[in-house]
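A structural walkthrough
Residues per chain, in single letters:
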There are 2 protein chains.
Amino acid sequence: MNRIITIGREFGSGGRELGRRLAEALKAAYYDREIVAEIAKRTSLSEEYVHQIVEHRPIVAFPIHVGRSFYPMLNPVWDQGQAVYQEQHSIIREMAGKSDCVIVGRCADYILRDEKPFRIFVYADMESRVARCRERGEDAGRLEGGETMTDKELRRRIAEVDKNRAKYYEFYTGQAWGERLNYDLCLNTTSVDLGKTAAAIARLFE
Amino acid sequence: MNRIITIGREFGSGGRELGRRLAEALKAAYYDREIVAEIAKRTSLSEEYVHQIVEHRPIVAFPIHVGRSFYPMLNPVWDQGQAVYQEQHSIIREMAGKSDCVIVGRCADYILRDEKPFRIFVYADMESRVARCRERGEDAGRLEGGETMTDKELRRRIAEVDKNRAKYYEFYTGQAWGERLNYDLCLNTTSVDLGKTAAAIARLFE
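Residues numbered from 1 in each chain as written. Chains lettered and ligands numbered in written order. Predicted model: local features only at pLDDT ≥ 70, side-chain atom pairs only at ≥ 80, totals over all residues. Heavy atoms only, no water.

**Concerning the overall build of chain A**
Our working definition: Each helix corresponds to a stretch of at least 4 residues labelled H or I by DSSP, and each strand to a stretch of at least 2 residues labelled E; elements are numbered beginning at the N terminus. A 1.4 Å probe rolled over the protein chains alone gives each residue an accessible area, and that area as a share of the maximum for its type sets the label: buried under 20%, exposed over 50%, partly exposed in between. With residues, only the protein chains shown are counted as cover, and all accessible areas are computed by Shrake-Rupley using a 1.4 Å probe.
Assigned secondary structure in chain A consists of eight helices and five strands. Helices and strands in chain A line up, N terminus first, as β-α-β-α-α-α-β-α-β-α-α-β-α. Buried residues in chain A amount to 51% of all 206 residues. Just so you have it, chain A exposes about 9,800 Å², and 48% of that area is on carbon and sulfur atoms.

**Let's talk about the interface of chain A and chain B**
Accessible area lost upon the coming together of the parts is a frequently used measure of interface size. Spelled out, the test is: Two residues qualify as a contact provided that any one of their heavy atoms is within 4.5 Å of a heavy atom in the partner residue. Summed over both partners, the accessible surface that disappears when two parts come together, traced with a 1.4 Å probe, is what is meant by buried area. Salt bridge, as used here, is a side-chain nitrogen of Lys or Arg placed within 4 Å of a carboxyl oxygen of Asp or Glu.
The interface is formed by 23 residues belonging to chain A together with 23 residues belonging to chain B. Summed over both sides, the interface between chain A and chain B buries roughly 2,000 Å², with carbon and sulfur atoms accounting for 52% of that surface. At the junction of chain A with chain B, the criterion picks out two salt bridges. Between B:Arg180 and A:Glu10 there is a salt bridge whose closest N-O contact spans 2.9 Å.

**So, the relation of the copies chain A and chain B**
Using the following cut-off: C-alpha atoms of residues with pLDDT of at least 70 in both copies form the basis for the least-squares superposition of the copies.
Superposing chain A onto chain B takes a rotation of 180 degrees plus a shift of 0.0 Å along the axis, which leaves an RMSD of 0.0 Å. Here the transformation between the copies is reduced to the relation of a two-fold axis. Take the interface residues of chain A: 100% of them recur as interface residues in chain B, which is what a same-surface contact looks like.

**Notes on the pairing of strand β3 (residues 101-104) of chain B**
Along any regular strand the residues' side chains alternate between the sheet's two faces. Residues and elements named next belong to chain B. The line we're drawing: Whether two strands pair comes down to DSSP finding at least two bridges between them.
Of the two faces of β3, the one lined by Cys101 and Ile103 and the one lined by Val102 and Val104 are each fully buried. Taken together, the four bridges between strand β1 (residues 4-9) and β3 define a ladder with parallel strand orientation. From the neighbouring strand, Ile4 faces β3, where its bridge partner is Cys101. Note that strand β2 (residues 29-31) and β3 share three bridges and pair parallel. Note on β3: the bridge partner recorded for Ala29 is Cys101.

**Some words on the nonpolar core**
This is how it is decided: Nonpolar cores are built from buried Ala, Val, Leu, Ile, Met, Phe, Trp, Tyr and Cys residues. Side-chain atoms within 4.5 Å join them into one set.
With 65 residues, the main nonpolar core has A:Ile35, A:Val50, A:Ile103, B:Ile35, B:Val50 and B:Ile103 as its most contacted residues. Leaving out residues up to four positions away in the same chain, A:Ile35 has contacts with A:Gln88, A:Ile91, A:Ile92, A:Met95, A:Ile103 and A:Arg106.

**Some words on helix α2 (residues 33-43) of chain B**
Residues and elements named next belong to chain B. Basically, it comes down to this: The arc in question is formed by the directions pointing from the helix axis toward the C-beta atoms.
Buried within α2 we find Ile35, Val36, Ile39, Ala40 and Thr43. Around the axis of α2, the buried residues are gathered within 135 degrees of arc, so they sit on the same side. Residue Ser44 follows α2 closely and has a positive phi angle near 65 degrees.

**Quick word on the pairing of β1(B)**
All names here are of chain B. For β1, the buried fraction is high: six of the six residues fall into the buried class. Burial of β1 is two-sided: the residues Ile4, Thr6 and Gly8 facing one way and the residues Ile5, Ile7 and Arg9 facing the other way are all buried. Pairing of β1 with strand β4 (residues 118-123), which is carried by five bridges, proceeds in the parallel orientation. Within the sheet, the bridge partner assigned to Ile5 lies in β4 and is Phe118.

**A few points about the packing of helix α8 (residues 194-203) of chain A against helix α8 (residues 194-203) of chain B**
In a packed pair of helices, the relevant descriptors are the angle between the two axes and the axis-to-axis distance. Rule in force here: Comment: axis = line fitted to C-alpha atoms, over the contacting stretch for helices; angle = value between 0 and 180 degrees taken between N-to-C directions. Any angle between 65 and 115 degrees counts as roughly perpendicular, while under 35 counts as roughly parallel, over 145 as roughly antiparallel, and the rest as oblique. Crossing handedness: left-handed means the near helix sits turned counterclockwise from the far one by under a right angle, and right-handed means the same turn made clockwise. Residues are grouped as follows: nonpolar covers Ala, Val, Leu, Ile, Met, Phe, Trp, Tyr, Cys and Pro; charged covers Asp, Glu, Lys and Arg; every other residue, Gly included, is treated as polar.
Packing of α8(A) against α8(B) leaves a shortest axis separation of 8 Å and a crossing angle of 160 degrees. The pairing of α8(A) with α8(B) is recorded here as roughly antiparallel in orientation. For the element pair α8(A) and α8(B), the recorded crossing hand is right-handed. On the side of α8(A), the interface is formed by A:Lys196, A:Ala199, A:Ala200 and A:Arg203, while α8(B) contributes B:Lys196, B:Ala199, B:Ala200 and B:Arg203. Along the lines of polarity and charge, the residues of the contact of α8(A) with α8(B) split into four nonpolar, no polar and four charged.

**Brief notes about the side chain of B:Thr189**
All names here are of chain B. To keep it simple, the criterion reads: Whenever a nitrogen or oxygen atom comes within 3.5 Å of another N or O atom, the pair is scored as a polar contact, on the condition that within protein one atom can donate a hydrogen and the other can accept it, and that pairs from neighbouring residues in sequence are kept only if both atoms are in side chains.
Examined against the element boundaries, Thr189 turns out to sit in the loop between β5 (185-188) and α8. Within the structure, Thr189 has its side chain in polar contact with the backbone oxygen of Ser13 (distance 2.6 Å). Excluding residues that lie within four positions of it along the chain, Thr189 makes contacts with Ser13, Val122, Tyr123, Ala124, Arg132 and Leu194.

Written out as structure tokens, the structure reads:
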């Protein structure tokens, strides 16, 4: 069986960087935005729209014209959410079947539960997440054409993204996002060296 | 500054074994029951009684005659709890000042917060904790002269110990026991090899 590592992560906690470094250390495939791109291809929805769906509960209403083309539907918003989740489900299972891999987000821990993945949850205190978002340039306002957010706005944005991730996860898995018993390892990245940490975690699989 | 690792742990999760192995891997001192023994020596209370106090909130009333001798007091039960916590505080600080060390339980993460210890919390699912308690022989009834507990009784006992640990921790630290932001690493021992895990964690400090 392939070695599968899933990473759930609070926004701004460095979960993606940890995942990339871990994949590198283990010579495993790394999947993150690739999943969104593949869903977009299969559903003919835009990547941006798919991304919005997988960061929210599907019952949240989005303007229908955001998608690049139409997907057959009766209750369009609901059905798109379901379709995206179904495609995500298939794609994640295909990816896990191909080779050792590290998969970031997207309920992969739950979708692959029968494969017994090693499930990591990455978190950090708010201050370090704000700092990380600024480093990554994710502090640009979305509505105001890229103005820099204040710390307060950035904290609100981080809390909002996490709230949506939690709702999405809970909607599809029936489990609590970030609840420690759903993970094998929960890692606080507030003051750690991600490279060193990835190397240490990789040791678990030697 | 000495390298200090603190381990909080759910009852039956293998936190002490992990601590011992980690101390071994890092050639660091290991403190657990030693702390209780030292408190008993300094307060002239019995080890058994000190152990009971540090596993409960100090406001819980214990029969006074359990102690081997008397400690100067006005409100005896309250004062004993406070005295034990004070001694614990001093002893833990002394131990941390002496050499690299791994300290299990006893609010050490909070007491040593200025030393920036690496704070681990160890947990596991109930089934594996019941199994671990049986392996360690901790399934003997306390009142009935050592009869083996049923699974249900053992689960109740585990939940009770954890509840008391949580209350004790929260009483003295004002923080939530097991809340991930209070730890650098939370580790689920349900299905891991503790030796391998200790070796991997030790890598973080190389």
